[in-house]
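Results of the structural survey
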Amino acid sequence: MPLLVESLKDGKSVHGYTIRNGMEKVLPVDNALMEMYARCGNMEEARLIFDCVINKDVISWNTLRGGYSRNNLANESFSFFSDMLLQFRPNAVTMTCILPAVASISSLERGREIHAYALRRGYLEDNYVPNALVDMYVKCGALPVARRLFDQVTKKNLISWTIMIAGYGMHGRGRDAITLFDQMRGSGNLKEAYEFIEPMPIEPDSSIWVSLLHGCRIYRGVKLAEKVAERVFKLEPENTGYYVLLANIYAEAERWEAVRKLKRNIGDRGLRENTGCSWIEVRGKVHVFVADNRNHPQANRIVEFLDDVARRMRDEGQDPKKRYALMGANDAVRDEALCGHSSKLAIAFGVLNLSEGRPIRVTKNSRICSHCHEASKFISKMCNREIILRDSNRFHHFEEGRCSCRGYC
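Parameters and conventions
Residues numbered from 1 in each chain as written. Predicted model: local features only at pLDDT ≥ 70, side-chain atom pairs only at ≥ 80, totals over all residues. Heavy atoms only, no water. Helix = DSSP H or I, 4+ residues; strand = E, 2+ residues; numbered from the N terminus. Buried < 20%, exposed > 50% of the residue type's maximum accessible area, 1.4 Å probe, protein only. Contact = heavy atoms within 4.5 Å. Areas by Shrake-Rupley, 256 points an atom, 1.4 Å probe, with all protein chains shown as cover. Axes fitted to C-alpha atoms, helices over the stretch in contact; angles between N-to-C directions. Parallel < 35°, antiparallel > 145°, perpendicular 65-115°, else oblique. Left-handed = near helix turned anticlockwise from the far one by under 90°. Nonpolar A, V, L, I, M, F, W, Y, C, P; charged D, E, K, R; others polar. Pairing = 2+ DSSP bridges. Salt bridge = Lys/Arg side-chain N within 4 Å of Asp/Glu carboxyl O. pLDDT = per-residue confidence, 0-100. Expected span 1.5 Å × (residues − 1). Polar contact = N/O pair within 3.5 Å; in protein donor to acceptor, adjacent residues only side chain to side chain. Core = buried A, V, L, I, M, F, W, Y, C linked by side-chain atoms within 4.5 Å.

**Considering the overall build of the chain**
Scanning the chain for helices and strands turns up 20 helices and 6 strands. Residues counted as buried form 52% of the 409 residues belonging to the chain. In the chain, of all internal contacts separated by at least 6 residues, the share reaching a separation of at least 24 is 67%. Accessible surface, the chain: about 20,000 Å² in total, of which carbon and sulfur atoms supply 50%.

**A word on the packing of helix α8 (residues 128–139) against helix α9 (residues 143–152)**
Look at α8 against α9: their axes get within 7 Å of each other, and the N-to-C directions meet at 160°. Classified by the interaxial angle, the pair formed by α8 and α9 is roughly antiparallel. The handedness of the crossing between α8 and α9 comes out as left-handed. Here P130, L133, V134, Y137 and V138 of α8 lie close against α9, whose contacting residues are L143, V145, A146, L149 and F150. Class assignment of the residues belonging to the contact of α8 with α9 gives a composition of 10 nonpolar, no polar and no charged.

**A few points about the sheet that holds strand β4 (residues 387–390)**
In spatial order, the strands read β2-β1-β3-β4-β5-β6; together these 6 strands make up an open sheet with mixed pairing. Two strands close off the open sheet at either side, each with one partner strand: β2 (285–290) and β6 (402–403). When strand β1 (residues 277–282) meets strand β3 (residues 360–364), the two strands line up antiparallel, connected through 3 bridges. In the strand pairing of β3, I280 is matched with V362.

**Thoughts on the pairing of strand β5 (residues 395–399)**
Taken across its 5 residues, β5 has 4 buried, putting it largely inside the fold. Pairing geometry for β4 and β5, over 4 bridges, is antiparallel. Note on β5: the bridge partner recorded for I387 is F398. Count of turn residues in the β4/β5 antiparallel hairpin: 4 residues. Bridging between β5 and β6 involves 2 bridges; their strand directions are antiparallel. Each bridged residue has a counterpart across the sheet, and for F398 the counterpart in β6 is C403.

**Considering the pattern of salt bridges**
Following the criterion strictly, the structure yields 14 salt bridges and no others. Two residues, D176 and R173, come together in a salt bridge whose shortest N-O distance is 2.6 Å. What emerges from the salt-bridge pattern is a single network uniting D308, R311, R312 and D315.

**Things to note about the confidence of the model for the chain**
Taken over all residues, the pLDDT of the chain has a mean of 82, while the share at 70 or more is 88%. For the chain, the element scoring lowest by mean pLDDT is helix α18 (residues 330–339), at 44; α9 scores highest, at 95. Scored below 50 in pLDDT, residues 1–6 shows 7 contacts in the model against residues more than four places distant or in partner chains.

**Some remarks on unusual backbone geometry**
Even without glycine at this site, N384 takes up a positive phi of about 55°. With respect to the helices and strands, N384 occurs in the loop between α20 (370–382) and β4. A relative accessible area of 65% means that N384 is categorised as exposed.

**Brief notes about the environment of A38**
Along the chain, the position of A38 falls in helix α2 (residues 27–39). Taking the C-alpha atoms as reference points, A38 and L64, separated by 26 residues in sequence, lie 7.3 Å from one another. Sequence-distant contacts of A38, defined by excluding residues within four places in its chain, comprise M43, A46, G67, R70 and N71.

**Some details on helix α4 (residues 58–70)**
In this model α4 runs 18 Å from its N-terminal to its C-terminal C-alpha over 13 residues, within 8% of the 18 Å that 1.5 Å per residue would give. For α4, a buried count of 10 out of 13 residues is recorded, marking the element as mostly surrounded by other parts of the structure. For α4, the complete set of buried residues consists of S60, W61, N62, T63, L64, R65, G66, G67, Y68 and S69. Residues of α4 that are buried in the fold lie against α2, α3 (43–52), α5 (74–87) and α6 (92–104). Residue D57 occupies the N-cap position of α4, its side-chain oxygen lying 3.2 Å from the main-chain nitrogen of I59. Residue N72 follows α4 closely and has a positive phi angle near 60°.

**Overview of the nonpolar core**
Considering soluble globular proteins, one finds that nonpolar side chains tend to be buried as a cluster. Counting 74 residues, the largest nonpolar core has M95, V134, M164, W209, L212 and V228 as the members making the most contacts within it. Look past the residues within four positions of L212 in its chain and what remains in contact with it is T162, L190, A193, Y194, I197 and V228. Grouped together as the second largest cluster of nonpolar side chains are 28 residues, I280, V309, C372 and C405 included.

Here is the structure:
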């Protein structure tokens, strides 16, 4: 993070210069300062500047809202968006800024509300908004909806194709990804997608670059993946999941020295993976679960359900199998420790609170361990429920005791 610290130091010097020279009330200057602080991760200072601006314009609102999204402050982003609706009419750029925040926490209900708002305002005529919506639905686990929306886009660009193809890859639908890629060949390829995204007048957020990075994994584009990863790391330097994604691209290409070098770089940067937590949205409220946290109002019901699952698994002779991550055998132990089995808690809560027939959508901030993976398969069969789990690596669709990843968790 030294580069960010240095940039923040320089930015503060510029901020001081504007104050000394009486430019702190000039709107374009204030907007630029907010953008600088947001990019440096100092949202408190960005918000202070915003609050002091008297005649805010749409750029002011979009800059701060985009900053919250870029810094993974999804709740703050939603709250700010609600304030904006009361005081200022959002534009198409606002939609492309808020939707990545929705995608980051897989809040499908919020995403549908924003989709309806954009539809009423006619913002789907803008090329960027449909792409952002498709990306949101992909990352919220609603792949059929994403595909229907993709098919309705009359003027598809390379970003449209890349998001949908990468979406199929993230959901373990390799054949569909290849079929769609074959359809795209008349329009371009991943390299052309990169060349299309790079000079965009509106700087693309991390969701677009991450979609392209997933596309690189599907088609083994290692050299392009390295270029794309540089963009992703610049936008989200502390998100370790993207470092793991690049490491897996290297591993699948048997570039083991590159894997080891990347792991050393992660250590040198002082990055640490977060302790596992999982969340699920039920009736408009997001419920977060952390390992061994018994403070949830339904904790006893959840534990009783999972005890029953464990007993039935033992009766059927099913013990979670040890599986190893691409980054090495020792990582299986690390994955188990970081996972904390929080995904089982969230899934159990979903089974107990969502009506039959509704998919159970869970998001996890780290990689699912083999124990939770086997338990999720068993629960899907035992309860006859569709479970869609998004971890830091991919989507897992559990149905009738099977997973879309075919054991490649």
